[in-house]
Every structure is written in structure tokens, then in C-alpha cells.
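# Structure at a glance
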Amino acid sequence: MVLGKFVEVGRVVKINYGPQEGKLATIVEILNDKRVLIDGPTTGVQRQVIPIRRLTLTKFNLKGATRGARTGVITKAIKKSDPFAQYQNTIAAKKVAKKALRAKLTDFDRFRVMILRKRRSALLSTQLKALRKNNAGGKAAAQAKGGNKKK
């Protein structure tokens, strides 16, 4: 498998640590092997230097973002390609949204989820038993006819 996500100018990143955790930004400049300059004018991330270890690379890359581009150029490129909307459709974004939704549940909501899970489990087990019963009858009839004999 070939690595496809590189630290490069124009790469959309998610901040995974600090006060702006969870926000998306764009790499504007690579300072050295450990730090980059990021900017996220549409997500509320100010232009700042941040360690790479505090970032998660996404598969999205801004077209038209050049090295050291100003905030206005980055804003136009974001409006043109809209990678943040595309990010919301990824599995990683959906997991984060699901985790946030579960964190907001009240005690009664968690109770209701438990009851619904129990109902779903009971329904699945009854359906599975019915399928097994029908399938076992088919095997018995096939064996009575001599369908599964070893020769």
C-alpha cells in the first residue's frame, strides 16, 4: 500500500490537540520537519505555527493554494473547491459527529437507547431462530431423500 497523504502546501488538516481541537485548516507553509504554518479563515482558525504532531492529515488538498499564500487567496480557494463540506461526508467526520451526539445524551436518553437495543436484539434472535428452524427442516428432508450421503 502506498502512502497517499503527505504534508504539503494546500493539504487540509484537522487539529487534534489544543484549544482549537476538531477544527479544520489548511497548510500554508512548511517551516521544518516538525512545524507548519496553517490558516483556516472559514473555520475560525487564525494563521499560526503549529507542530505537525497536533494535526491529522485529510485526503483533501486545496487547488490553487501556493506556498505562503495570504488569507484571501486561501478563502477563495476554499470557496471554489469546498473541501470542508467534502470532509463532512467522510467516515472520520461521521465518527466524530456520532461521538458528540452520544456525549450530549441525558440519562433518560441512554435508558431509551438501552431499551431499543434490547428490543432489536430480541427481534433478531426470534428471526434467527425461525430461520434456523426452517433451514433445519430442509436439511432433514434432504437427508431423508439421501441428498447428503458420502460415497
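Residues numbered from 1 in each chain as written. Predicted model: local features only at pLDDT ≥ 70, side-chain atom pairs only at ≥ 80, totals over all residues. Heavy atoms only, no water.

As recorded by an unreviewed UniProt entry, the protein carries the name KOW domain-containing protein and is attributed to Paramecium octaurelia.

## Description of helix α1 (residues 71-81)
Where we set the bar: Working definition: with a 1.4 Å probe on protein chains only, accessible area under 20% of the residue-type maximum means buried, over 50% means exposed, and in between means partly exposed. Helix numbers and strand numbers start at the N terminus; a helix is a DSSP run of H or I with at least 4 residues, a strand a run of E with at least 2. When we speak of the arc, we mean the arc of directions from the helix axis to the C-beta atoms. Any two residues whose heavy atoms approach within 4.5 Å are treated as being in contact.
Residues of α1 that are buried include every one of Ile74, Thr75, Ala77 and Ile78, and no others. When α1 is viewed along its axis, its buried side chains cluster within an angular range of 165° and face the same direction. The exposed set on the far side of α1, more than 90 degrees from its buried face, consists of Lys76, Lys79 and Lys80. Check the buried side of α1 and you find it contacts β2 (24-30) and α2 (83-87).

## Focus: the pattern of salt bridges
In plain terms, the rule: One side-chain nitrogen of Lys or Arg within 4 Å of one carboxyl oxygen of Asp or Glu is enough to make a salt bridge.
Taken as a whole and assessed by the stated rule, the structure comprises five salt bridges. As a salt-bridge pair, Glu8 and Arg11 come within 2.4 Å of each other at their nearest N and O atoms. Here Asp109 makes a salt bridge to Arg112, at a shortest N to O gap of 3.7 Å. Of this pair, Asp109 and Arg112 are both found in helix α4 (residues 107-145), three residues apart, which corresponds to roughly one turn of the helix.

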